[in-house]
Each structure stands twice: as C-alpha cells, then as structure tokens.
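Residues per chain, in single letters:
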Amino acid sequence: MTISTDAPYGPCGVSNGVLTTTKMRVFLVQTAQGLTPSSGGYKANVNLLRQLRLFGHDAAQICYGFEDEVEKYAELARAKGVEPNVTHHSGLPVIDSKGNQHELDVKTFMDEHGIHNIVISRVPFNEAYPTREFWRDTQDYLEDRSITQRMRTLIDIFSKHITAYRPTHVVFNDPVTMKVTADHALRPTFKRINVIHTAEQLPFGPYCNGILGHCSSPKVEDQLLRELEGIWVVSKAIGDYAWQHGRLKTTFLVHSPLTYLDARTGGMPVQRYNIDKFEVGMVNPCPHKGLSILVELAKRLPQIQFVTWSSWGSRSKHLDQLKELPNMKVMPTTSNTDEIWDRIKVLLAPSVWLEAWGVVVTEAQLRGIPVIASNAGGLKEAKIDLPYCLPVNVVTGAKHENGDYIVPEQNIDLWEEAVLRLMTCQQNYDRVARATAQGSVKWLNSLDPRAHEKWFLGMMTA
C-alpha cells in the first residue's frame, strides 16, 4: 500500500513508527441502509471494523436494518460461539412533517466478529425521514435553526450510544454525525474521522451536492471538516479533488484488505475461469455509472448477452429502459456477489462521474474476471494497470431538472472493440483473465493490513 506524506495527503503512522499496545474503541456511524447492503462504501466501512477486531481493538457501529437481519446475524453469532445479547428498545415516537407518528425501534446485538451493533429499524425510519425532508432537517440543524422533533430524536440516539460506548475514535461519512460529535459532551475524549466515499460529500467543487442527500450546508460543513483529526479518502483521485477545489488536506488509504478477502474463509477469493460463460455484466446501472454506454453497447452488439444487477443508484426508469433491450437481463439487488461472479464472463464499469474507487472492480479482478472500466476518478487506480481502462467524458456537475447528471456524449467504439475481443477471442480472454487474477492477488498481498490501525493510533499520540 502506498501512502503519500506530501500535500495534499497527510501523514500516516505512529510515534517512532512503532505500534503501541493501546486498545482502541472505534465507533462507526453507517449511512448505507441494511446490515448487508450492496454499497461498496458500506462493505469497506464494516470491514475496517472487522480488521481492527482481528488486532484486538473494540468496535461498534450504528446502522439501519431490517428485523430479519438482526435475527439472522444473531444466529450466526451463536453458531460461532458468540452470545449476541440482543436488546430491544421499542416505540420511540417520531413525528413526520404531516403530523403522523411513527414508532422507531432500536436493537443492539454482538455479531460473530465481536462488533457491537446498534440497529435502527429501517422501514419506520424511511417512513418518518423521507430523503428530501431529512436533507432540509439536516440543513436546519447544521445552521442552528429550529430542529424538528424527528431530528432531535435521531441526535439523541446517536449521542446516547456514543456516550455509552465511550469511544476513542468516531468514524462517519455524514454531516449529522460530524456536528453531533463536535457538540458532544465527551468531545475531548475521542478522535473524529470522516470517510470520503464520493466527491459529492465534499462542500466545494463542481460535484458539491451532486447527489440528493449530500452536502446540505456547504459553508458549515466546510468549517466542520477542517476541525477533524482525520479525513480519509479511499483514492488519490478524491484526495486530489479535495486539494484542488478546497485546499483540504486528506489521508489516502486503500480500503482495508479484509474488504476483499473471502467473507467465509478469510482467505483469497476463489478464482473463476469463466471462459465458458456468455454474459457481460454490470452492477448499479444508472446515468453516472455509465448507463448510456451500457445501452449503446447492447444495441450495437445484439449477438452479445448482457445482465445487470440493480443497486442504490438504479431507478425504475433506468431499469425499464434496460428491460426494453432483447439481449439484456435485469436482476434485483443481491448481497451475495457470488451470484454475479459465477455467472458473468466480463464485468463492465463504465462510470462517468468521479468514482471514488470501485470496490466491485477489485472484487471481480481478484476472481480472475476481466473488467472493462472507464478511467474516471479512482477507477484508474482500482484497475492497477490491468486491461482494460478506457477513456470517457466525465460529467461536469451540470444536472437535468430531475436531478440526474447531464452525461456528455461518449465514444463507444473502444468499448465495443474491448467487449468483442474478450467475448469472441478465447486466446485474448485467457491471457487477460490470467493476468487479471495474478496481478490482483499480488496487489492485495502488497497492502499493509495494519495501515488504518497505525493511522488511528497515531492520532492518539499526536
């Protein structure tokens, strides 16, 4: 793992370069919904906690989940000899903007990795906190205007559990937690780290508030960011953006290696050799992820079969557009990515926004599945010089009235050529698949599994 110590990236390490025996208590606030969401950012966050647990530190997360997820994870814990100690706090009243009352449940349990989970019930939360209204509530809270009852309830939940856990570090990627921790009574006792998973999180530059729910109060969020002990970017591309547009110093760390290891065995993922498969796959089809490139490829190559899996960015209108194509299959979101890797011959990642990294790219490559990716943002880094990484015209930040980015015209010729070379030439596929598997394993083995631990510990001695 390469960690730059020159601007715009901050230093990483501990005093005298020596690990201490200090035991940390790391508290993570998740914004992705569900205990098993398809979001790459969620996977990276929770695997950071699991990695820290392996090194003897304590870890907790507050997140959103379904009722059956808690029971499922509790059973997995018991099967591994861990008592989950499930607790249930029901009936927290939340009043929405129409005056309707919702009952918010909070459950806690210990999972099989020894992580303490605080789970807010997802369904009533989404009913009581619609995205647009929550964005406005967040803006009012950040700018010290009147706070709604539902926002006060959420603030109290976060504050209460932080107090009870008494963390040494609080990790998050949302402005609400950033302000909650800034105002917290225990503020002097813990360090704060913001994980930047998208450029849209940052309160400056052309992509500020490019996605609904991000960056409701740029001026306040900019000030709060600069008061943190750590700002973690998952690619040099995001770090460069932060420095170029905001002169904000960040620390670049690749995701924890555990993010990419087999969840069941803890070892390298099983490599496929899918030369006999016949489908080109894509995950999360939506405009900024390269929907237009996928659609045009399917039209140009009617003899090739395509398959997509919906995810957080896919709306009904995007999926309906794909369903009209005779050589396109549209699958629902899956938390079991083996379904993807066992099925496809090639993965497409044609993003046209400033991609932070592209976890799905690394996952596919480690399994020996060739990936045709764009060179947008951190995708070029995720490709680790393996074929194919193709140029695209990235979005400028301009948006349609419906909120989607305006996607520039793209040159599809190179994409068409790459798909044909992999799907019709067995010799080329064999060469690329083997190089992909070997190069990815070598890359993963080169990472320092204790890099994040060293950085966190370094904050305590600074």
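Residues numbered from 1 in each chain as written. Predicted model: local features only at pLDDT ≥ 70, side-chain atom pairs only at ≥ 80, totals over all residues. Heavy atoms only, no water.

Under an unreviewed UniProt entry, the name given to the protein is UDP-Glycosyltransferase/glycogen phosphorylase, and the source organism is Neurospora hispaniola.

(A) Here's a closer look at the nonpolar core. Core analysis: the biggest nonpolar cluster contains 124 residues, and Ile120, Phe158, Phe306, Leu348, Ile372 and Phe456 have the highest contact counts within it. Among the elements that take part in this core, helix H5 (residues 149-165) stands out by supplying seven residues, more than any other. Leave out the neighbours within four places in its chain, and Phe158 touches Val29, Ile62, Tyr64, Ile120, Val176, Thr177 and Val180. (Core = buried A, V, L, I, M, F, W, Y, C linked by side-chain atoms within 4.5 Å. Buried < 20%, exposed > 50% of the residue type's maximum accessible area, 1.4 Å probe, protein only. Helix = DSSP H or I, 4+ residues; strand = E, 2+ residues; numbered from the N terminus. Contact = heavy atoms within 4.5 Å.)

(B) Spatial organisation of the environment of Gln427. Note that Gln427 resides in helix H15 (residues 426-445). Sequence-wise, Gln427 and Ile115 are 312 residues apart; in three dimensions their C-alpha atoms are separated by 46 Å.

(C) Quick peek at the pattern of salt bridges. Counted by the stated rule, this structure contains 30 salt bridges. The partner of Arg25 in a salt bridge is Asp58, and the shortest N-O contact between them spans 3.0 Å. With Arg25 in strand E1 (residues 25-33) and Asp58 in strand E2 (residues 58-65), the pair connects residues that are 33 residues apart, well separated along the chain. We classify Arg25 as partly exposed; its relative accessible area is 27%. Relative accessible area serves as the criterion here: at 19%, Asp58 is assigned to the buried category. Across the pair Lys289 and Glu355 runs a salt bridge whose closest N-O atoms are separated by 2.8 Å. Of the two residues, Lys289 is situated in the loop between strand E10 (279-283) and helix H9 (291-300) and Glu355 in the loop between strand E13 (346-349) and helix H12 (359-366); the sequence distance between them amounts to 66 residues. The exposure class of Lys289 is buried, given its relative accessible area of 13%. The exposure class assigned to Glu355 is buried, which follows from its relative accessible area of 8%. (Salt bridge = Lys/Arg side-chain N within 4 Å of Asp/Glu carboxyl O.)

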